[in-house]
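# Breakdown of the fold
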Amino acid sequence: MERRTILRTAVLGAGTAAFAGVLWQQAFARQRWQEQFADPAQPGPSPYGDLLAADANGIQLPAGFTSRVIARSGQRVAGTSYTWHWAPDGGACFPAGDGWIYVSNSEIPLTGGASAVRFHADGSVASAYRILSGTNVNCAGGATPWGTWLSCEEVPLGRVFETWPDGSRPAEERTRMGRFKHEAAACDPGRRVVYLTEDEGDGCFYRFVPDTWGDLRTGKVQVLCAPADQTAGPVTWQDVPDRDGFPVATRAQVAAAKHFDGGEGCWYDRDTCWFTTKGDNRVWAYDAVGQRLDLAYDDSLVPAGAAPLTGVDNITGTAGGDLYVAEDGGNMEINVITPAGVVAPFLRILGQSSSEITGPAFSPDGSRLYFSSQRGTSGGSAGSGGITYEVTGPFRSR
């Protein structure tokens, strides 16, 4: 696979030496980041060591890490009067005063929506409440740089809703972002676009280009275009003629569009948008500067029977550059993919093989990881047994 050239001549146009220095530092950091992912990740030793025996919550973790249950579907969040939603799915964390907020979607029909848990600075629960109601199968989504949560409907002609994690404003529909079977979203402040995945066996990878950055009410939807069999190389973008997707689905409107086998999680960092496809167990890397696509992980490119990561689904990352990928099924793990190109289990949930791990997200300081087991030990399709967890420990900062 080709190594991507990251240093751009635009850096040379910086107005002052100090500003140019900052830009060069950012460019070199991005070069190291992307060169380390020049080949798909391979199994190797975890930077955190082996998993230990399961704790009281049935979670295997490396030494130094602990877990606690934050909420259970159908039960009140401890210390509050709020009943946690069923089928918890995509999530994200947001700073809030001296604490933070974790938001979580509800992937159930008709009432769907999203809830939030607010934490004090010491990690104790301050409150829990609803931030979106009356929507349909809210699967994943994404955080915006201006502090809102995009909650996406995973149904045909699904919509995107912009929500306010602190509950200060009612959620607002953002139908100009396209009507399709939405999965996740990731904001790219450099290009001022929002990337969007589509959970279809022949789904596409989109970006929404708002007319004004920070205002998602108007703009255009574009689709990534490349040869059907291309897994590495340059790509282009074309406008989707009819974002409403009816009667012709958005994924069928542009002949040159590249199709992906079940788009899932989406995460942006350092000029790269990482997204996952569950049908072929891949993690893709879109280089937004070079406008090219590469594979960061493919379970078919590791030694037979040695793939630690299967059932590829939600994805998040850290300031240090590690990616954390949750499994839908598989053996109920969250795997870490390091910038050195090593993939290894970070945690494993026992006794919940009929569930899936959803909504991984780090607290603003990077010391706590939140996620859910959508159906818990019950394995029920309605998600009535969902459990939301927190893991605390010495996460790597670089």
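This write-up is about the structure you can find in this document. No experiment lies behind these values; they were computed from the predicted model shown.

## Regarding the sheet that holds strand E18 (residues 263-269)
Strand order in the open sheet formed by 5 strands is E16-E21-E20-E19-E18, and the pairing between neighbours is antiparallel. The open sheet has two edge strands with one neighbour each: strand E16 (233-234) and E18. Two elements, strand E19 (residues 272-277) and strand E20 (residues 282-287), share 6 bridges in a ladder whose sense is antiparallel. Bridged to Trp274 within E20 is Ala285.

## A word on the environment of Ala361
Of note, Ala361 is situated in strand E26 (residues 357-362). Along the chain, Ala361 and Ile315 lie 46 residues apart, while their C-alpha atoms are 8.5 Å from each other. Non-local contacts of Ala361, meaning those with residues more than four positions away in its chain, are made with Gly91, Ala92, Cys93, Tyr102, Thr316, Arg368, Leu369 and Tyr370.

## Quick look at the sheet that holds strand E8 (residues 138-143)
Reading across from one edge, E8-E9-E10-E11 is the order of the 4 strands in this open sheet, with antiparallel pairing throughout. Either end of the sheet is taken by a strand with one partner, and the two such strands are E8 and strand E11 (172-173). With 4 bridges connecting them, strand E9 (residues 149-153) and strand E10 (residues 160-163) associate as antiparallel partners. Note that in E10 the partner of Leu150 across the bridge is Glu162.

## Topic: the state of the cysteines
Following the criterion strictly, the structure yields 0 disulfides and no others. Note on Cys139: no disulfide assigned, nearest cysteine sulfur contributed by Cys152 at a separation of 8.8 Å. Cys139 sits in the buried class, given a relative accessible area of 4%. Here Cys204 stays free of any disulfide, with the sulfur of Cys225 as its closest cysteine sulfur at 8.0 Å.

## Topic: unusual backbone geometry
Working note: non-glycine residues mostly have negative phi, and peptide bonds are mostly trans. Residue Phe246 is joined to Pro247 through a cis peptide bond whose omega torsion reads 10°. Following the sequence through the fold, Pro247 ends up in the loop between strand E17 (236-239) and E18. Phi is positive for Ala87, which is not a glycine, with a value near 50°. For Ala87, a relative accessible area of 1% corresponds to the buried category.

## Thoughts on the side chain of Glu200
As for its position among the elements, Glu200 is in the loop between strand E13 (193-198) and strand E14 (205-212). Using a relative accessible area of 17% as the deciding quantity, one classes Glu200 as buried. If we ignore the near neighbours within four places in the chain, the residues touching Glu200 are Lys181, Arg251, Phe260, Asp261, Gly262 and Gly263.

## Some points on the pairing of strand E6 (residues 114-119)
Burial analysis of E6 places 5 of its 6 residues in the buried class, which makes it a mostly covered element. As paired strands, strand E5 (residues 99-106) and E6 are joined by 6 bridges and run antiparallel to one another. Residue pairing for E6: Tyr102 is matched across the bridge by Val117. Summarising the sheet, E6 and strand E7 (residues 125-132) pair through 6 bridges and their orientation is antiparallel.

## Overview of the side chain of Thr148
With respect to the secondary-structure elements, Thr148 resides in the loop between E8 and E9. Engagement of the side chain of Thr148 in a polar contact is seen with the side chain of Glu162, the distance being 2.7 Å. In contact with Thr148, not counting residues within four places along its chain, are Phe94, Gly142, Ala143, Glu162, Thr163, Trp164 and Pro165.

## Considerations on the nonpolar core
Within the largest apolar cluster, 21 residues are counted, with the highest numbers of intra-cluster contacts made by Tyr195, Phe205, Leu224, Cys266, Cys273, Phe275 and Tyr286. When contributions to this core are tallied by element, the ones reaching two or more residues are strand E12 (182-188), E13, E14, E18, E19, E20 and strand E21 (292-298). Core analysis: the next-biggest nonpolar cluster, separate from the first, contains 20 residues, Leu61, Phe362, Ile387 and Val391 among them.

## A look at the pairing of strand E28 (residues 387-392)
Of all the 6 residues making up E28, 5 are buried; the element is thus mostly covered by neighbouring parts of the structure. Both strand E3 (residues 66-72) and E28 contribute to a ladder of 6 bridges, which runs antiparallel. Each bridged residue has a counterpart across the sheet, and for Arg72 the counterpart in E28 is Ile387. Here 6 bridges tie strand E27 (residues 368-373) to E28, and the two strands are oriented antiparallel to one another. Note that in E28 the partner of Arg368 across the bridge is Thr392.

Parameters at a glance
- Residues numbered from 1 in each chain as written.
- Predicted model: local features only at pLDDT ≥ 70, side-chain atom pairs only at ≥ 80, totals over all residues.
- Heavy atoms only, no water.
- Pairing = 2+ DSSP bridges.
- Helix = DSSP H or I, 4+ residues; strand = E, 2+ residues; numbered from the N terminus.
- Contact = heavy atoms within 4.5 Å.
- Disulfide = S-S within 2.5 Å.
- Buried < 20%, exposed > 50% of the residue type's maximum accessible area, 1.4 Å probe, protein only.
- Polar contact = N/O pair within 3.5 Å; in protein donor to acceptor, adjacent residues only side chain to side chain.
- Core = buried A, V, L, I, M, F, W, Y, C linked by side-chain atoms within 4.5 Å.

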